[in-house]
Amino acid sequence: MTAELGELYQEVILEHSKAPRNFRRPASANHEAEGYNPLCGDRCSVYIDMDGDAIKEIGFQGSGCAISRASASMMTQMVKGKTKAEAVKLFEQFHNLVTGQDEAAKPGDLGKMAVFGGVSKFPARVKCATLAWHTLQSALEDERKREPVSTEE
Ligand code: ZN
């Protein structure tokens, strides 16, 4: 393992990968989505219990590489209790971080997730890191189970 790759797999990423947080489907989940990253074979399902506009409870399941698992685990911790708009904003910041678009990114909002900044040096791993977030966004848009479909505008 090169020094750079070692840096990519920082302790916090390895730790979350081995013992992912919120690795379950909350019984109260009313939004969900499934994500797949064919480049690496990562699979991720995200389950949310939305209370109005707030992420009251969140969990994920799936299988994949250390980066994808750790990112999903830390994502669930980060967005729990946030509103939909706050979660989408965090995704934007995270996306900028891992794609290296935001060199001057202030890691303040992202907290521990700032460790994923190393991913920007490994373009092939960017989709591993963002899979859970893309799936989160899709789950947030999943309205099927929250409100009955209406034929009226
Ligand atoms: Zn992966």
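Our subject in this report is the structure included herewith.

What counts, and at which threshold
Residues numbered from 1 in each chain as written. Predicted model: local features only at pLDDT ≥ 70, side-chain atom pairs only at ≥ 80, totals over all residues. Heavy atoms only, no water. Helix = DSSP H or I, 4+ residues; strand = E, 2+ residues; numbered from the N terminus. Contact = heavy atoms within 4.5 Å. Salt bridge = Lys/Arg side-chain N within 4 Å of Asp/Glu carboxyl O. Buried < 20%, exposed > 50% of the residue type's maximum accessible area, 1.4 Å probe, protein only. Donors = N, O, S within 2.8 Å, 3.2 Å for Na, K, Ca; no water.

A look at the side chain of Ser73
Structurally, Ser73 is set in helix H3 (residues 66–79). Other than its neighbours up to four places away in sequence, Ser73 contacts His16, Pro20, Arg21 and Phe60.

Observations concerning the pattern of salt bridges
Scanning the model with the defined rule gives 5 salt bridges in all. With a shortest N-O distance of 2.7 Å, Glu32 and Arg25 are connected by a salt bridge. Glu32 gets classed as partly exposed once you look at its relative accessible area, which sits at 23%. Looking at Arg25, the relative accessible area reads 37%, which means it is partly exposed. Between Glu141 and Lys84 there is a salt bridge; the shortest N-O distance is 3.9 Å. Highlighted residues: Glu141 in helix H5 (residues 126–141) and Lys84 in helix H4 (residues 84–98), separated in sequence by 57 residues.

A closer look at the environment of Glu34
Looking at the secondary structure, you find Glu34 in strand S1 (residues 31–37). Among the residues examined, Glu34 registers a relative accessible area of 69% and is labelled exposed. The spatial distance from the C-alpha of Glu34 to the C-alpha of Leu136 is 8.8 Å, given a sequence separation of 102 residues. Glu34 has contacts with Cys44, Ser45 and Thr135, leaving out every residue within four places of it along the chain.

Remarks on the coordination of the zinc ion
Each protein donor to the zinc ion is listed here as Cys40 (SG), Asp42 (OD), Asp42 (OD), Cys65 (SG) and Cys128 (SG); together their distances run 2.2 to 2.7 Å. Within one chain, the residues serving as donors to the zinc ion are arranged as C-x1-D-x22-C-x62-C. Taken together, the positions of Cys40 in the loop between S1 and strand S2 (42–51) and Cys65 in the loop between strand S3 (54–63) and H3 put the pair 25 residues apart, joining distant regions of the chain.

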